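These are the residues of each chain, in order.
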Amino acid sequence: MSAAMDTESTYSGYSHYSGHSKKAHRQGRDRHKSPRSKDGSRSEKSVTIQTPPAEPLLGNDASRAEEGQDDNWGETTTAITGTSEHSISQEDIARISKDLEDSVGLDCKRYLGLTVAAVLGLLVFLTPIAFILLPQILWRDDLEPCGTVCEGLFISVAFKLLILLIGTWALFFRQPKADLPRVFVFRALLLVLIFLFVFSYWLFYGVRILDSKDTNYQGIVQYAVSLVDALLFIHYLAIVLLELRQLQPMFTVKVVRSTDGESRYYSLGHLSIQRAALVVLENYYRDFTVYNPALLTASKSRAAKHMAGLKVYNVDGPGNNASGQSRAMIAAAARRRDSSHNELYYEEADHERRVKKRRARLVVAVEEAFTHIKRLQAEEQQKAPGEMMDPREAAQAIFPSMARALQKYLRTTRQQQYHSMESILQHLSFCITNNMTPKAFLERYLNPGPTLQYDRDRWLSKQWTLVSEEAVTSGLQDGVVFVLKCLDFSLVVNVKKIPFIKLSEEFIDPKSHKFVLRLQSETSV
Amino acid sequence: SYLISFSFQQRIEIHKLRQGDNLILGFSIGGGIDQDPAQNPFSEDKTDKGIYVTRVTEGGPAEVAGLQIGDKIMQVNGWDMTMVTHDQARKRLTKRNEEVVRLLVTRQSLQKAVQQSMMS
């Protein structure tokens with residue numbers, strides 16, 4: 001039976017592989033590749049959690065593209081508590097017309113946000129320096145001389161500004177890794193706080209000092225020092241709100257993939273729904289096996305066969321009772337004694353047997369191939385210069401002996417579209433270079449790995465949409481459910497609170513560890 | 001019919017048998033106040049630390065005298081055996097100058113009482 005199942009393989013040519021026919025074979029292979037490029041052009045609304053390369057940030061606090069949305073916010077009254085607009089839009093026409101708008105609008109928003117943050121940061125940074133320098137420039141002759149005290153204060157201002165600069169660089173200068181639908185509430189609040197704070201300082205400075213031309217220079221310098229101190233404290237507040245609060249785990253999140261039910265659990269702290277979605281997606285690429293649509297066809301065909309073969313005849317007269325008909329069909333299908341469970345069982349057992357057989361053949365072929373390669377030691381290199389090869393050539397030399405077995409195995413497990421010949425050769429030369437055993441070489445092919453392991457074109461999951469009944473900026477609560485939709489599948493996320501743990505203590509004195517010997521002897525008399 | 005469980009006391013007189021240099025009685029004992037009463041298979045109350053007969057040699061003096069496995073030895077020649085250690089019990093039974101030991105034992109018994117009405 002396995003011979004009949006062995007649907008053949010135009011790649012049997014690999015056994016006669018030689019350097020000359022490399023190109024022809026590769027072309028033949030590419031012809032049979034089924035390219036999938038469904039992602040890319042379709043984008044829904046303004047949510048795209050994608051992974052683009054981004055420019056580094058400038059400024060005191062990082063507010064990303066969302067900062068620009070502040071302008072739009074002013075127009076609509078639904079502010080933070082608005083429900084998410086990211087329910088699925090059904091109208092194709094509206095979507096097409098929005099596509100053009102959004103792709104332009106998004107970039108503008110992001111750059112606008114960055115520039116606003118940069119300008120604010122620069123302004124805030126230069127304010128203390130301006131406070132100190134303006135009196136010197138404007139009414140230098142009237143100022144009271146202020147000796148060592150002022151110089152000490154100058155030094156402290158300089159170092160505090162330096163510390164602030166380093167701290168801001170360490171904390172906020174990061175490449176944004178994602179584009180999120182709504183602004184971060186805490187970041188926006190912090191920026192507003194900083195702006196109000198600096199504005200009030202300038203107001204006071206302008207009215208009390210510039211207008212009245214205050215001559216007490218020491219007081220002015222101390223005013224500037226107090227501003228820098230307050231900025232450092234705001235920086236501390238930013239660390240606590242933006243970084244530290246999320247660290248302690250409060251919720252356990254279950255992520256289930258809709259197509260095959262693969263699930264994982266993650267621990268999260270106090271995050272908003274959109275940030276939690278971001279964490280889930282980052283972990284998705286690492287933990288979940290790659291989405292393989294070829295594995296789902298079996299269950300679909302079974303489902304189709306279940307309802308097929310039933311016809312409904314309307315005996316009672318005219319009148320199209322659609323719901324009644326479908327109910328009748330379902331009832332009849334349920335009652336019918338079909339043996340599809342039998343088929344499923346035997347099919348699965350058979351498939352497993354086939355996979356195991358092919359796997360055994362593959363392992364043996366690879367082991368044999370690896371025995372032909374031997375690493376030359378340094379002294380031997382002088383003795384046999386003619387036969388030396390670099391890793392790539394060595395890989396190409398042993399590849400033909402295992403190519404057929406590998407190809408058959410990949411086809412049986414439906415992974416063949418994830419590995420091209422070039423990638424296999426590359427991996428083989430990598431393994432040879434690093435002295436890996438045949439098993440280490442095969443680890444990548446025997447089981448489907450996480451999505452990150454494969455080529456980006458094969459991911460089928462790069463643009464995501466967050467579907468949520470609650471506002472995406474609201475925090476996680478117990479029982480919240482949201483869905484991350486991709487084109488082909490979706491991830492359903494269920495949030496549960498970590499239970500409150502009551503831990504009590506019991507002290508055991510080490511001296512209380514005493515034991516007795518319990519005998520039961522029997523003596524004959 | 002009913003199953004009635006009760007215990008009755010019995011006096012048993014064993015004549016020791018001489019084997020070489022030893023006088024043997026032909027049974028084994030278990031229990032004692034220094035032993036673990038929970039492991040005693042014959043006692044009804046698992047905190048009972050008394051001396052029990054755990055084995056009776058076939059054809060030995062004890063069997064001949066009517067001692068049965070599971071009997072609890074209450075007295076040996078007038079000496080109380082309910083509050084003794086295992087070794088004290090052994091010593092009291094194996095005194096070299098005694099040829100006869102008189103035991104007071106307690107035995108549990110199960111009897112079927114058949115209702116008169118059912119028989120008739």
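Rules used throughout
Residues numbered from 1 in each chain as written. Chains lettered and ligands numbered in written order. Predicted model: local features only at pLDDT ≥ 70, side-chain atom pairs only at ≥ 80, totals over all residues. Heavy atoms only, no water. Helix = DSSP H or I, 4+ residues; strand = E, 2+ residues; numbered from the N terminus. Contact = heavy atoms within 4.5 Å. Areas by Shrake-Rupley, 256 points an atom, 1.4 Å probe, with all protein chains shown as cover. 1 Å grid on protein atoms, 1.4 Å probe; cavity = no way out; pocket = protein on both sides within 12 Å on 5 of 7 lines; lining within 4 Å. Points joined across faces, edges and corners; volume = space filled by probe spheres on them. Nonpolar A, V, L, I, M, F, W, Y, C, P; charged D, E, K, R; others polar. Disulfide = S-S within 2.5 Å. Buried < 20%, exposed > 50% of the residue type's maximum accessible area, 1.4 Å probe, protein only. Pairing = 2+ DSSP bridges. Axes fitted to C-alpha atoms, helices over the stretch in contact; angles between N-to-C directions. Polar contact = N/O pair within 3.5 Å; in protein donor to acceptor, adjacent residues only side chain to side chain. Buried area = accessible area lost by both parts, 1.4 Å probe. Salt bridge = Lys/Arg side-chain N within 4 Å of Asp/Glu carboxyl O. Arc of directions from axis to C-beta. Phe/Tyr/Trp six-rings, centres within 6.5 Å; stacked < 30°, edge-to-face > 60°. Lys NZ or Arg CZ within 6 Å of the ring centre and 35° of its normal. Parallel < 35°, antiparallel > 145°, perpendicular 65-115°, else oblique. Left-handed = near helix turned anticlockwise from the far one by under 90°.

(A) Looking closely at the overall build of chain B. Regarding its fold elements, chain B presents three helices and eight strands. Counted from the first residue to the last, chain B has its helices and strands arranged as β-β-β-β-β-α-β-β-α-β-α. Restricting the contact set of chain B to residue pairs at least 6 apart, pairs at least 24 apart contribute 67%. In the form shown here, chain B has an accessible surface area of approximately 7,300 Å², with 50% of it arising from carbon and sulfur atoms.

(B) The layout of surface pockets, seen in detail. Residue and element names in this part refer to chain A. By volume, the second largest pocket is sized at about 630 Å³. Lining the second largest pocket are 21 residues, and of these Ile373, Lys374, Arg375, Leu376 and Met389 lie nearest its centre. Only helix H13 (391-412) and helix H14 (421-433) provide two or more residues apiece to the lining of the second largest pocket. Its residues assigned to classes, the lining of the second largest pocket shows twelve nonpolar, five polar and four charged.

(C) How the structure looks around the state of the cysteines. Residue and element names in this part refer to chain A. Here the structure, examined in full by the defined rule, presents one disulfide over all chains. In this model Cys146 forms its disulfide with Cys150; the gap between the sulfur atoms is 1.7 Å. The disulfide joining Cys146 to Cys150 has a torsion of about 110° about its S-S bond and is therefore right-handed. Judged by relative accessible area, Cys146 falls into the partly exposed class, the value being 22%. When its relative accessible area of 1% is taken as the criterion, Cys150 is described as buried.

(D) Local environment of the sheet that holds strand S5 (residues 490-497) of chain A. Residues and elements named next belong to chain A. In spatial order, the strands read S2-S1-S5-S4-S3; together these five strands make up an open sheet with antiparallel pairing. The open sheet terminates on both sides in strands that have one partner only, identified here as strand S2 (263-268) and strand S3 (465-468). Sheet twist, expressed as the mean angle between neighbouring strand axes with direction ignored, is 25°. Pairing analysis gives four bridges linking S3 to strand S4 (residues 481-485), with the strands arranged antiparallel. In the strand pairing of S4, Ser468 is matched with Phe482.

(E) Local environment of the side chain of Ser468 of chain A. Within the fold, Ser468 of chain A resides in strand S3. Side-chain polar atoms of Ser468 of chain A contact the backbone oxygen of Glu470 of chain A, separated by 2.7 Å.

(F) Spatial organisation of the interface of chain A and chain B. Facing eight residues of chain A, the contacting portion of chain B comprises 18 residues. Of the roughly 1,200 Å² buried between chain A and chain B on both sides combined, carbon and sulfur atoms contribute 45%. Residues Glu522 of chain A and Arg55 of chain B are paired through a salt bridge, measuring 3.3 Å at the closest nitrogen-oxygen approach. The tally of links from chain A across to chain B stands at nine residue pairs in polar contact (both at pLDDT 80 or more). Of the residues assigned to the side of chain A that touches chain B, the class counts are two nonpolar, four polar and two charged. Bridge count between strand S6 (residues 522-524) of chain A and strand S4 (residues 27-30) of chain B: three bridges; the pairing is antiparallel.

(G) Spotlight on helix H15 (residues 438-446) of chain A. Residues and elements named next belong to chain A. Listing the buried residues of H15 in full gives Pro438, Phe441, Leu442, Tyr445 and Leu446. Along the axis of H15, the buried residues cluster in a sector spanning 130°; they form a single face. For H15, the secondary structure elements touched by its buried residues are helix H11 (340-371), H13 and H14.

(H) A look at the packing of aromatic side chains. Residue and element names in this part refer to chain A. Scanning the entire structure with this criterion turns up 21 aromatic pairs over all chains. Ring centres of Phe195 and Phe199 lie 6.1 Å apart, and the angle between their planes is 20°; on these two criteria the pair is classed as stacked. Taken together, the residues Phe195 and Phe199, both in helix H6 (residues 185-210) and four residues apart, mark about one turn of the helix. Taking 5.6 Å as the distance between ring centres and 75° as the angle between the ring planes, the aromatic pair formed by Tyr284 and Trp464 counts as edge-to-face. Highlighted residues: Tyr284 in helix H8 (residues 273-287) and Trp464 in the loop between H15 and S3, separated in sequence by 180 residues. We note that Tyr284, like Trp464, is buried. Taken together, Phe131, Phe197, Tyr201, Trp202, Phe204, Tyr205 and Tyr223 form an aromatic cluster joined through their ring pairs. Across from the ring centre of Phe489, 5.9 Å away, lies the NZ or CZ of Arg257, which sits over that ring.

(I) Focus on the packing of H13 of chain A against H14 of chain A. All names here are of chain A. It is the contact of H13 with H14, at a shortest axis distance of 9 Å, that shows an interaxial angle of 120°. Classified by the angle between their axes, H13 and H14 sit oblique to one another. In this structure, H13 crosses over H14, and the sense of that crossing is right-handed. Residues Pro391, Arg392, Ala394, Ala395, Gln396, Ile398, Phe399, Met402 and Leu406 of H13 form the contact with H14, whose own contacting residues are Met421, Glu422, Ile424, Leu425, Gln426, Leu428, Ser429, Ile432 and Thr433. Of the residues that constitute the contact of H13 with H14, the class distribution is twelve nonpolar, four polar and two charged.

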